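Observations on the three-dimensional arrangement
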Amino acid sequence: MSSEPIERRVSYIGDTLRACRCSICGQEYFDARDYCGNCGRKSFGKMQNINLFYDKGKLEFCTLVNEPTNKFRKLGSYIYGIISFHDGKIRVPGRLTDQIIKEDELVDFSDLEGREVIPRFRRRYSVSATEVIPTISLAFTLADEYYPHQEYKIVPSSKEYDTPGIVGYGVYTSRFRIKENRIERAVPFIDEDSVTAAVEAGKMALIHSAIDSSLVGKVYVGSESNPYAVKPIASKVAQVLRLGKEEEDMQAVDAIDTEFACKAASSMFKDAASLVNYYDSEIKYAMVIGSDNSQAAPKGCPGGELDDFVGFGGSAYIFGKTDLIAKIEGWYSITSDTPDFWRRDGQPFPLHGGRFTGDPAYFKHVKKATEKLMEKCNLKPIDIDYFITHQPNPRFPVKVAAQLGFKEDQYSISLQVNKFGNTYSGCSPIGLAAVLDIAKPEDLIIVTSYGSGAGSDSYLLRTTSQIREKRERQKINIKSQTENQFIKFVDYTTYRRLKLGM
Amino acid sequence: MQNNPAIVAVGRTKFGEHYGKKPEQLIEEAWLTASNECSLERKNLEACYLSDCFLPITNKLGLEEGFLSELTQLHVPMEVTSSVSAALLAACNAIKAGVYNTVLVGGIEKMTDRWDKIRDDLMLLEDPWSYYAGGTPEANHELMLRAYIKKHNVSGDDLDKLNLALAKISVKNHAQALKNKFAQFHRRITIEHVLSARKNARKLLGLYDFAPISDGASALILTNASLANRFTDQPIYVLGESSATDFITFPSRRDLTGFSATRIAMKKALKMAEIPLIDIGIAEVYDQSTVMELISIEDLGFCEAGTAWRNIRGTCDNYEGYYEVNGTKLFVNTNGGLKADGNPIGATGGAQIFEVVKQLKNQAGDRQVMIDNNIPKFGCVQELEGFGTKAYITILGGEIIEQ
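Bear in mind the structure is a predicted one, so any value in this text is a computation, not a measurement. (Residues numbered from 1 in each chain as written. Chains lettered and ligands numbered in written order. Predicted model: local features only at pLDDT ≥ 70, side-chain atom pairs only at ≥ 80, totals over all residues.)

Description of the overall build of chain B
- When its secondary structure is counted, chain B shows 15 helices and 11 strands.
- The C-alpha radius of gyration computed for chain B amounts to 20 Å, which stays within 12% of the reference 22 Å derived for 403 residues, consistent with globular compactness.
- Dimensions along the principal axes, computed over C-alpha positions, put chain B at roughly 60 × 50 × 40 Å.
- Counting the 403 residues in chain B, one finds 60% classified as buried.
- Long-range pairs, those at least 24 residues apart, make up 76% of the contacts in chain B between residues at least 6 apart in sequence. (Helix = DSSP H or I, 4+ residues; strand = E, 2+ residues; numbered from the N terminus. Rg over C-alpha atoms; globule rule 2.2 N^0.38 Å. Buried ≥ 20, exposed ≤ 12 C-beta atoms within 10 Å, placed from the backbone. Contact = placed C-beta atoms within 7 Å.)

Laid out in structure tokens, this is it:
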């Protein structure tokens with residue numbers, strides 16, 4: 001679509017599936033409209049907005065599209081059909097995503113018809129590299145496969161804390177993986193990128209936090225693979241997740257993208273926590289998302305060494321002072337101008353400083369930040385229950401943890417690089433999520449991120465008594481995403497194709 | 001009824017690909033055929049009602065009226081609609097109102113000029129939300145068929161028979177087109193062609209179930225009945241015409257198993273024509289797919305919902321040119337239908353009307369149908385815009401019904 005106003009309108013409705021209900025007769029409509037066709041003029045001002053983005057639908061009828069229109073060509077063959085919501089009150093068109101259909105594969109449509117599906121926020125179709133990337137949530141996955149449906153239910157907060165901390169979190173990765181040398185890495189489907197992963201992770205964090213999205217006053221999105229050089233991911237997240245109060249077709253929220261290689265998101269944890277802790281802050285909650293479709297040149301090309309480890313995924317954390325699962329008890333940051341890894345503007349793939357990415361970069365910064373934090377808080381490694389750090393490959397985190405004096409049972413649970421690959425900005429937050437998924441109340445956690453360029457932020461977290469009860473709200477955790485029978489493994493060629501996107 | 005609209009001449013081009021011709025040349029050709037037939041001069045025209053669905057997109061032509069004015073050196077009022085039936089409806093209203101006595105109704109489309117992008121355009125215009133979700137022009141037909149099968153509980157043996165009936169529609173239309181010199185396809189196909197295309201497509205419908213992309217033009221000359229005899233011995237009267245509209249988003253419609261717009265428009269058109277349905281012996285229906293022919297026969301009221309495939313199957317085994325419905329013969333798409341005659345969208349309706357007019361005048365040559373040794377008295381044309389978003393019904397007859 002070359003028309004920005006049309007793109008804006010389609011996206012505004014389609015990204016979050018804005019529908020409406022007539023409060024007089026109950027008739028529902030997709031898309032949003034100002035009056036009810038049944039009730040006419042008297043219905044003006046009586047239409048309630050509804051949002052199908054968190055709902056589940058039913059695939060009524062479907063067929064195979066194996067000769068897509070031009071803009072959908074890169075998807076290959078896919079299932080397309082009619083999806084109903086609310087017992088058939090609303091029907092929308094939609095395609096099933098996250099499916100690779102082989103050229104001679106026979107699809108049993110009747111096996112799919114009648115099954116529950118969930119809207120997914122994805123790229124809509126291909127456009128030229130200079131155009132705005134169209135998105136839509138008329139893409140669906142089967143609810144009985146990789147992603148089960150989770151209700152977004154707002155629960156009034158029951159407990160206030162003096163110290164700010166984590167209210168909830170979510171980790172989003174794709175169902176596709178590539179397995180090489182015993183390492184599994186998450187591979188985006190062709191309609192996914194760092195923007196779609198950021199939105200999906202944010203959605204999951206809202207579901208886990210059970211807070212009203214309109215109370216989120218700020219959203220930070222850290223990424224180093226934003227498909228745009230100029231255009232924030234955060235504005236998309238704010239609009240799709242309807243963060244902050246709605247003012248006409250805008251959101252009363254501050255949204256900002258941050259960049260500092262792999263610590264772009266984790267660096268903002270303290271900013272988010274500080275913001276909600278400001279003495280007359282009107283911001284009750286702040287969301288921090290780290291999302292990357294980690295880039296690497298193909299193997300054999302300069303920078304291709306990274307292609308053994310790059311992953312895909314996003315993680316979102318909501319900070320506040322109510323119903324915390326973990327309090328932030330301290331932090332320590334360290335920065336130096338160390339050029340260990342970089343990507344020049346306009347270049348598709350990053351390069352790195354080879355042997356200089358280790359000792360003078362990763363190890364130096366991670367160690368210093370962690371040691372200084374422990375020193376500041378009067379803690380020794382033995383006092384800490386879990387240690388998490390950035391995982392650019394399986395070797396570095398283990399080595400730095402040992403150098404810092406941590407034992408295997410303190411850090412092993414956090415090692416997710418073997419499962420998802422290095423998810424760049426999402427990486428140490430995903431490690432933290434793996435720990436929070438299983439931590440007991442009153443556990444002490446240190447998470448130290450690392451961003452090339454270079455810097456580290458080390459945080460001390462203490463879990464609360466609420467961590468266990470709130471865990472029930474999140475079915476899609478790290479375990480379910482690593483041990484999932486619906487994971488699809490792809491070969492290297494497919495991986496590179498999917499990675500390129502639509 | 002002196003202001004009853006009457007068709008005094010019809011003309012058309014061959015449908016197919018007209019690589020070297022400009023759109024205006026196509027309409028000129030169709031108009032010349034029609035005007036020759038009734039010896040009418042350009043200067044007799046008081047207005048032109050044109051239709052094209054796509055020219056601004058396919059040929060970057062806006063203000064098609066101006067092109068036609070330049071070509072004909074005419075300065076009469078001209079209006080553009082999206083289908084010939086829509087143009088005809090507007091022209092009929094003007095004639096009935098006594099505004100004009102003699103008008104040209106015509107349609108042009110030149111889809112092959114934008115061959116590589118036409119499916120995107122079609123789908124985007126036809127059903128934008130479905131397009132954004134990944135739908136194709138063909139997908140809606142397949143979904144409608146699946147909805148039809150489910151609603152009418154067609155399964156097992158019956159399902160095979162239904163699928164076969166649909167294949168026979170395609171075979172029948174290709175056979176009919178062999179007798180139509182204007183048709184896009186002059187190629188006999190067999191059931192096996194249809195079935196193997198479906199197998200390749202791995203779904204219910206395949207290549208041979210769908211109408212093609214075409215170029216072409218059609219034209220007709222409409223006068224009021226009192227003038228008609230000056231131009232022809234055999235005017236064909238527009239006895240009833242009506243249209244109805246449905247939601248643009250196919251999935252949002254209340255009924256996914258047919259076209260409500262057709263049903264509504266047909267009821268109104270029959271009422272206007274004041275003839276019973278059973279008197280209609282020939283129907284040109286809008287078969288963008290074999291499913292559409294099947295479903296349209298039901299929507300028009302010739303068969304009960306969910307039953308047309310039985311009639312089709314029953315009579316297609318030894319096909320003699322008609323379907324047997326309600327104990328009578330119904331001739332459907334004798335020109336080969338959109339499937340084989342071609343489907344240049346903005347001109348298609350003109351070819352449908354052309355066929356019925358020729359049949360009612362006993363001028364259809366090899367295709368001429370006879371009902372109990374008589375030429376048919378009444379015929380109807382169903383034209384759709386979009387995927388059933390608009391339906392136009394035109395009922396034609398060789399004589400005016402005296403009230």
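Focus on the sheet that holds strand β11 (residues 183-187) of chain A
- The strand order across the open sheet formed by three strands is β11-β10-β24 (chain A), and the pairing between neighbours is mixed. In the strand order of this sheet, the two ends are held by β11 and β24 (488-489) of chain A, each with one partner. (Pairing = 2+ DSSP bridges.)

Quick word on the domain arrangement of chain A
Residue and element names in this part refer to chain A.
- We note that the domain assignment places domain 1 (4-142) and domain 2 (160-500) within chain A.
- Computed over C-alpha atoms, the centres of domain 1 and domain 2 are 30 Å apart.
- The greatest single-element share of the side of domain 1 that touches domain 2, amounting to three residues, is contributed by strand β7 (residues 116-123).
- Considered class by class, the residues forming the side of domain 1 that touches domain 2 number six nonpolar, two polar and five charged. (Domains from an automatic or database assignment. Nonpolar A, V, L, I, M, F, W, Y, C, P; charged D, E, K, R; others polar.)

Observations concerning the pairing of strand β11 (residues 390-397) of chain B
Residues and elements named next belong to chain B.
- β11 sits mainly inside the fold: eight of its eight residues count as buried.
- Burial along β11 is two-sided: the residues Lys390, Tyr392, Thr394 and Leu396 and Ala391, Ile393, Ile395 and Gly397 are all buried.
- Sheet analysis places strand β6 (residues 236-245) next to β11, joined by eight bridges and oriented antiparallel. Its bridge partner being in β11, Ser242 is matched across the sheet by Ile393.
- Where strand β10 (residues 378-385) lies against β11, eight bridges are found, and the strand directions are antiparallel. By the bridge assignment, Phe378 is partnered in β11 with Gly397.
- Turn length for the β10-β11 hairpin, with the two strands adjacent in sequence and antiparallel, is four residues, and the turn residue Gly386 shows positive phi of about 70 degrees.

Focus: unusual backbone geometry
- A cis geometry characterises the amide bond from A:Phe30 onward to A:Asp31, with omega recorded as 10 degrees.
- Among the secondary structure elements, A:Asp31 is positioned in the loop between β2 (28-29) and β3 (47-51).
- Here the amide bond leading from A:Gly453 into A:Ala454 is cis, since omega sits at 5 degrees, within 30 degrees of zero.
- Tracing the sequence through the fold places A:Ala454 in the loop between β22 (444-448) and β23 (455-463).
- At B:Glu274, a position not held by glycine, the phi torsion is positive, near 55 degrees.
- Position of B:Glu274 among the secondary structure elements: in the loop between α11 (260-273) and β7 (280-284).

A look at the interface of chain A and chain B
- Each side of the interface is counted separately: chain A has 29 residues, and chain B has 22 residues.
- Counting residues per element, the ones that place at least two in the side of chain A that touches chain B are α1 (4-14), β4 (57-65), β5 (78-85), β6 (90-96) and β8 (135-142) of chain A.
- The greatest single-element share of the side of chain A that touches chain B, amounting to five residues, is contributed by β6(A).
- Taken together, the residues of the side of chain A that touches chain B break down into 17 nonpolar, seven polar and five charged.

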